[in-house]
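Examining the three-dimensional arrangement
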Amino acid sequence: MDHFLYRDGQLMAEDVAVTDIAAAVGTPFYAYSSATLLRHFKLFDDALAGTDHLVCFAMKSCSNIAVLKLLGDAGAGMDVVSGGEYLRAKAAGVSGDKIVFSGIGKTRDEMRIALEGGIRQFNVESEPEMQVLSDVAVSLGMVAPITVRVNPDVDAKTHAKISTGKKEDKFGIPISRAREVYATAAKLPGLKVIGIDVHIGSQLTELEPFRLAYRKVAELTETLRADGHEITRLDLGGGLGIPYARDNNAPPLPLEYGALIKEEVGHLGCEIEIEPGRLISGNAGILVADVIYVKEGEGRKFLILDAAMNDLIRPAMYEAHHDIIPVQEPAPGEDQTEYDIVGPVCESGDTFAKGRNMPTLKAGELVAFRSAGAYGAVMSSEYNSRPLIPEVLVHGDQFAVIRRRPTFDEMINRDTIPEWL
Ligand SMILES: *Cc1c(COP(=O)(O)O)cnc(C)c1O
């Protein structure tokens, strides 16, 4: 469920007409619903009620500091994957003891930033990283709390580019080597082992892969405890999928996912962390674009938008589907036209949808991409020298620009011409 619905023939974002936002900020732009963001966070928080837990928002899915502040104030922790994300979380007022640092390539600088600013734990992904983290912590006179990310060799049955828990994926250490790796970690002076981390992929639409992975984590918890490690925290990752197409079967709900977690690891007495990203932010955002031209091709019609692959890369990168709807509600039984929906960028990959049936549209009309809140704005670029587009946060009948559109000069003046030219 989300808060982007038609009312009186107009697409609304909560109680704001999308056309009003477009008039104020121009197109294209992203708009997020605070009610949807909070609702989705609360679904996870409630699903783990009765356990000692922290829901850490995977902020790589949507990292505007206004979004982070909204979720942080509601009690969310943050899962960060870079020094930049760590500093964004801090800038949003999230305290270090609610920030978890994931990722396979943390640099010394990033480790130092997080240790100095305060950190809940590092999720360490390799032995060389362990050694470096221990060195950095010792150099600061500190001890870094860690979990080790294990790779359970489970097929998440999702798109290959977002599967992370099979043995051929680059993430974590093979679960078969875990005892040896934990023994090494326990000997390092700058580390304190506190738990186990697992994350098997993104956009999972079934619970079974989670069950298999968490069962392996539960077994490993007992084994490591028998080896003398204090395992008090389990970070179970993110990855629960969302319905991208209205008419598809909906993926499992957070409540069912929470029940599964309690079944598989509830008996261990560990503190539970989860790191959902997409399910919190995905359906909380839309991308609004203007139809620039309707072009007649040979046997097909192109809807050419002012948004492009640089603004939303998911269709080009993952063959992802987004429902695209007119901002003016179509009348019941209105004519449909089959369109290829494309952006202006000079790449054939700049195609959002092929052969999509849509109510007939004219130049100057607005469309909205649904489910664009996750891995949308955060993955955007300035390819073709198209400035990053604005982000807007809606709250009831109010909205605010939370990242403004830069001017062309601001974009161009980041480049410099050397003196000798
Ligand atoms: C990307 C990622 C997540 C979030 O995945 P979603 O599919 O957005 O829920 C969580 N944890 C880690 C370590 C990640 O890399």
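Here is what the cut-offs are and how they apply
- Residues numbered from 1 in each chain as written.
- Predicted model: local features only at pLDDT ≥ 70, side-chain atom pairs only at ≥ 80, totals over all residues.
- Heavy atoms only, no water.
- Patch = residues over 30% accessible without salt bridge, like charges linked within 9 Å, V, L, I, M, F, W, Y side chains within 5 Å.
- Areas by Shrake-Rupley, 256 points an atom, 1.4 Å probe, with all protein chains shown as cover.
- Salt bridge = Lys/Arg side-chain N within 4 Å of Asp/Glu carboxyl O.
- Helix = DSSP H or I, 4+ residues; strand = E, 2+ residues; numbered from the N terminus.
- Buried < 20%, exposed > 50% of the residue type's maximum accessible area, 1.4 Å probe, protein only.
- Arc of directions from axis to C-beta.
- Contact = heavy atoms within 4.5 Å.
- UniProt positions renumbered as here; feature names shortened; annotations may be inferred.
- Phe/Tyr/Trp six-rings, centres within 6.5 Å; stacked < 30°, edge-to-face > 60°.

1. A look at a nonpolar patch on the surface
Among the surface-exposed residues, Ile-417, Trp-420 and Leu-421 lie close enough to one another that they form a single nonpolar patch of about 490 Å² accessible area. Relative to the helices and strands, Leu-421 resides in the segment after helix 12 (408-412). The class of Leu-421 is exposed, set by a relative accessible area of 71%.

2. A look at helix 7 (residues 178-187)
Taken as a whole, helix 7 has its buried residues at Ala-178, Val-181, Tyr-182 and Ala-185. Buried residues in helix 7, looked at end-on, bunch into an arc of 100°, giving them a common side. Here the buried face of helix 7 lies against helix 6 (127-139), strand 9 (144-151), strand 10 (173-174), strand 11 (191-197) and helix 8 (208-226).

3. Regarding the UniProt feature "modified residue: N6-(pyridoxal phosphate)lysine" (unreviewed entry) in the chain
Under the local residue numbering, the UniProt record ascribes the feature "modified residue: N6-(pyridoxal phosphate)lysine" (unreviewed entry) to Lys-60. Examined against the element boundaries, Lys-60 turns out to sit in the loop between strand 5 (53-58) and helix 3 (65-73). A relative accessible area of 35% means that Lys-60 is categorised as partly exposed. When near neighbours in sequence (up to four residues on either side) are disregarded, Lys-60 contacts Val-81, Glu-85, Tyr-375 and Val-378.

4. Brief notes about the packing of aromatic side chains
Scanning all chains against the criterion turns up seven aromatic pairs. With a centroid separation of 5.8 Å and an interplanar angle of 40°, the aromatic rings of Phe-210 and Tyr-214 are classed as tilted. With a gap of four residues between them, Phe-210 and Tyr-214 both fall in helix 8, about one helical turn apart. Seen in terms of ring centroids, Phe-210 and Tyr-257 are 4.9 Å apart; in terms of plane orientation they differ by 65°. Their pairing is edge-to-face. Of this pair, Phe-210 sits in helix 8 while Tyr-257 is found in helix 9 (residues 254-265), placing the two residues 47 residues apart along the sequence. One exposure class covers both Phe-210 and Tyr-257, and it is buried.

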